[in-house]
Amino acid sequence: MNIINTSLIRAAMLLSITGVTLKSYAQEDNPAEKKTVVAAKQYTQEVNTLANKVSVKKALQTIVDLQPQTLADHILLTEIPAPPYKEMVRAKKYAELLKAAGADSVWTDNVGNVIAKVKGRTGKKTVVLEGHMDTVFPEGTDVKIVHKGDTLYAPGISDDTRALAVVLTVLKAVKKADIKTDADVLFIGAVGEEGQGDLRGVKNMFSDKGPGKIDTYIAVDGTDINMIVHRGLGSHRYRITYKGPGGHSWGSFGLANPHYALAGAIHYWVLAADQFSREKGVRVSYNVGVTGGGTSVNSIPFESWMEVDMRSESPERLAGMDKLLQDAVQKALKEENQLKRFGADLTVDVKLIGDRPSGVEDPGLPFVQRAIATASFLHAEPKLGAESTNANIPISKGVPAVTIGCGGAAGGFHSLGEWWLDDKKAYIATQRALLLLLAEAGVSK
Ligand SMILES: [Zn+2]
């Protein structure tokens, strides 16, 4: 899960700085989203009928009974480190657990996703239930759980290891209750969801190296059972490096200076980007996050670089912001090359280091309606929202997808102080994942 900054705080800051009205920002933030949503009657009825089937009732009760085991799996998996690009050890254990839970087949794909298949009656559709295995924490981070009362502290314990335990328990419940779905179901532990991973696990699933056509995608990420992510917050990230010959500040004075070009690029981009982001339309952000380069105060640097990030739910707005960056980078390059008195021209390397596509789903989509109805059935208060999660990829491809929470109370995401607590209601999120999966996959008996 990539946490979004509260846009209202930002809007309020802009208001105090510039005196612009809050109205357009509030409109983009869509306060309607803070409200609880209700599913159309047909889906409420459908979920009621489903939940009252004997086998489904049994599976729901199994989830209650399995709580100690779910917690044990959760703890076991949390204490196996899974740094970015190094999920293998955790993946191996997860594959064993899925196999032991009764999946028909379990395999690890070419990028390291663990995929467990349960064959459906007809197999005409394929539904995915997924949690991500990777954490943001580098190799060597202590992931041993510290218990303080009932609260469990460990990096990655909530994001997203709890989801792995949830996905596993749903599989166990399906098997123990002897439920046969119509659709094939894939229970997945994905690699590469977090920042550096750039969604490489889910991207692979939707490539020609994936497990075949996926019709519906349920990502479990974040803890809030009320939250239904049905819109993908897209982002582009770049590392931009200007390069030149470099030299002595006195002896080689007159050479092109990469820092001047970088400064120009930032200046031109920010001027244009700020204007663009204030225009009416879907919210779009821009940020220069890191800069670097240079060796000493009396040297003309041989390189100057920055890392930038831009985000929007709208592919068009994201593309617009991206174009402004590209134009600014080229304009600044040209200017610095005109300014230099001798020596080689500067060059620029523009490297895309993150690409998460955006997308929006109609809340009326049957799958989104089922996500709402299953939450309401369990007395949650469903709300619709946008996030940057694995669901971005299917949503951007028009494949129905949502991200739902894994339950419990939690905090300190992406920090060493990350914690998780079973608030005695955590199992309800697992029941919800089961119901949503079954609603979508179909249960004939
Ligand atoms: Zn996450």
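It should be emphasised that the depicted structure is a prediction, and the values quoted were computed from it without experimental measurement. (Residues numbered from 1 in each chain as written. Predicted model: local features only at pLDDT ≥ 70, side-chain atom pairs only at ≥ 80, totals over all residues. Heavy atoms only, no water.)

Visitor: So what's going on with the domain arrangement of the protein chain? Which residues, and what values?
Guide: Each assigned domain of the protein chain is listed with its residue range as follows: domain 1 (3-29 + 234-356) and domain 2 (35-232 + 359-441). Between the C-alpha centres of domain 1 and domain 2 there is a distance of 37 Å. Listed per partner, the contact involves 10 residues of domain 1 and 16 residues of domain 2. A combined buried area of about 990 Å² lies between domain 1 and domain 2, and 42% of that area is made up of carbon and sulfur atoms. Here domain 1 is connected to domain 2 by 2 salt bridges. A salt bridge links Glu 193 to Arg 356, with the shortest nitrogen-to-oxygen separation between them at 4.0 Å. Of all the secondary-structure elements, those providing two or more residues to the side of domain 1 that touches domain 2 are strand S9 (234-243) and strand S14 (347-356). The class makeup of the residues in the side of domain 1 that touches domain 2 is 3 nonpolar, 3 polar and 4 charged. (Domains from an automatic or database assignment. Contact = heavy atoms within 4.5 Å. Buried area = accessible area lost by both parts, 1.4 Å probe. Salt bridge = Lys/Arg side-chain N within 4 Å of Asp/Glu carboxyl O. Helix = DSSP H or I, 4+ residues; strand = E, 2+ residues; numbered from the N terminus. Nonpolar A, V, L, I, M, F, W, Y, C, P; charged D, E, K, R; others polar.)

Visitor: Tell me about the sheet that holds S9, and please be specific about residues and values.
Guide: Here 4 strands make up an open sheet; going across it, the order is S11-S13-S9-S14 and the pairing antiparallel. Sheet topology places strand S11 (284-292) and S14 at the edges, where each strand pairs with a single neighbour. The sheet shows a mean angle of 15° between the axes of neighbouring strands, direction not considered. Each of S9, S11 and strand S13 (303-312) is contacted by helix H9 (residues 258-278), which is oriented at about 165° to S11, the strand it contacts most. Sitting on the sheet, helix H10 (residues 315-339) touches S9, S11, S13 and S14, and the angle it makes with S9 is about 5°. (Pairing = 2+ DSSP bridges. Axes fitted to C-alpha atoms, helices over the stretch in contact; angles between N-to-C directions.)

Visitor: How would you summarise the sheet that holds strand S4 (residues 146-148) if you had to cite specific residues and measurements?
Guide: In space, the 4 strands of this open sheet follow the order S4-S5-S19-S18, with antiparallel pairing throughout. Looking at which strands have only one partner, the edges of the open sheet turn out to be S4 and strand S18 (409-411). With direction set aside, neighbouring strand axes in the sheet form an average angle of 20°. With 3 bridges connecting them, S18 and strand S19 (residues 419-421) associate as antiparallel partners. Following the sheet pairing, Ala 409 is matched in S19 by Leu 421.

Visitor: A description of the environment of Leu 438 should follow, citing residues and the corresponding values.
Guide: Structurally, Leu 438 is set in helix H13 (residues 426-441). Overall, Leu 438 belongs to the buried group, its relative accessible area being 1%. Placed 391 residues apart in sequence, Leu 438 and Val 47 show a C-alpha to C-alpha distance of 9.3 Å. (Buried < 20%, exposed > 50% of the residue type's maximum accessible area, 1.4 Å probe, protein only.)

Visitor: Explain the packing of aromatic side chains to me, and be specific about the residues and the numbers.
Guide: For the structure shown, the criterion picks out 2 aromatic pairs. Here the aromatic rings of Phe 206 and Tyr 217 are separated by 5.8 Å at their centres, their planes lie at 50°, and the arrangement is tilted. A residue pair is termed long-range when its members are at least 10 positions apart, and Phe 206 in the loop between helix H8 (200-205) and strand S7 (216-220) and Tyr 217 in strand S7 qualify at 11 residues. Note on accessibility: Phe 206 and Tyr 217 belong to one class, buried. Ring centres 5.8 Å apart and planes at 70° place the aromatic pair Trp 269 and Tyr 286 in the edge-to-face group. In this pair, Trp 269 is assigned in helix H9 and Tyr 286 in strand S11, connecting sequence segments 17 residues apart. Look at Tyr 286 and you get buried, because its relative accessible area is 19%. When the ring centre of Trp 305 is taken as origin, the NZ or CZ atom of Arg 239, which lies over that ring, is 3.9 Å away. When the ring centre of Tyr 268 is taken as origin, the NZ or CZ atom of Lys 331, which lies over that ring, is 4.0 Å away. (Phe/Tyr/Trp six-rings, centres within 6.5 Å; stacked < 30°, edge-to-face > 60°. Lys NZ or Arg CZ within 6 Å of the ring centre and 35° of its normal.)

Visitor: Account for the environment of Lys 243, with residues named and values stated.
Guide: Relative to the elements of secondary structure, Lys 243 occurs in strand S9. Separated by 209 residues in the primary sequence, Lys 243 and Lys 34 have C-alpha atoms spaced 47 Å apart. Other than its neighbours up to four places away in sequence, Lys 243 contacts Pro 258, Phe 302, Glu 303, Asp 345, Leu 346 and Thr 347.

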